[in-house]
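An overview of the molecular structure
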Amino acid sequence: MSDDPRTDATAGSDVDSDDNEWRFGIDEVGPEAEAAREAARNPPIEPESIDAENALFVVAGVLGTLLLVFSVTL
């Protein structure tokens, strides 16, 4: 026995000896599988109720933007 880790007992075996055994299934590779994995990692965002404070800031931002645009164009 050698102390070299590269001379393992499995190192001499043929890697392609099991041609009938697949490492991945067809449904585990490809664009469809990537989309499924991405959907599982990032669940869809559910809408929540609108808070009055948040709506007020949105309206203030829209009004401020409109005022800025109109003041530049005049």
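Now for a look at the structure at hand. (Residues numbered from 1 in each chain as written. Predicted model: local features only at pLDDT ≥ 70, side-chain atom pairs only at ≥ 80, totals over all residues. Heavy atoms only, no water.)

1. As for the pattern of salt bridges
The line we're drawing: Any carboxyl oxygen of Asp or Glu that lies within 4 Å of a side-chain nitrogen of Lys or Arg is treated as forming a salt bridge with it. Secondary structure follows DSSP: runs of H or I at least 4 residues long count as helices, runs of E at least 2 residues long count as strands, and numbering of each begins at the N terminus. When a residue's accessible area, from a 1.4 Å probe over protein chains only, is under 20% of the maximum for its type it is buried; when over 50% it is exposed; and in between it is partly exposed.
Inspection of the entire model under this criterion finds one salt bridge. Residue Glu38 is joined to Arg41 by a salt bridge in which the shortest nitrogen-to-oxygen separation is 3.7 Å. Here Glu38 pairs with Arg41, and both are found in helix 1 (residues 31-41), just three residues apart, close to one helical turn. Look at Arg41 and you get exposed, because its relative accessible area is 53%.

2. What about a nonpolar patch on the surface?
Our working definition: In this analysis, a patch consists of residues with relative accessible area above 30% that form no salt bridge, clustered at 9 Å for like charges and at 5 Å for the nonpolar side chains Val, Leu, Ile, Met, Phe, Trp and Tyr. Each accessible area is a Shrake-Rupley result for a 1.4 Å probe, and residues are judged covered by the shown protein chains and nothing else.
Together, Val58, Val59, Val62, Leu63, Leu66, Val69, Phe70 and Leu74 make up a nonpolar patch on the protein surface, roughly 800 Å² of accessible area in all. Checked against the element boundaries, Val58 lands in helix 2 (residues 52-73).

3. Some thoughts on helix 2
Owing to its 3.6 residues per turn, the α-helix aligns residues three or four sequence positions apart on the same side. So the rule is basically this: To estimate the expected span of a helix, subtract one from its residue number and multiply by 1.5 Å.
For helix 2, with 22 residues, the first-to-last C-alpha span of 32 Å sits near the 32 Å given by 1.5 Å per residue. A small share of helix 2 lies buried, amounting to zero of its 22 residues.

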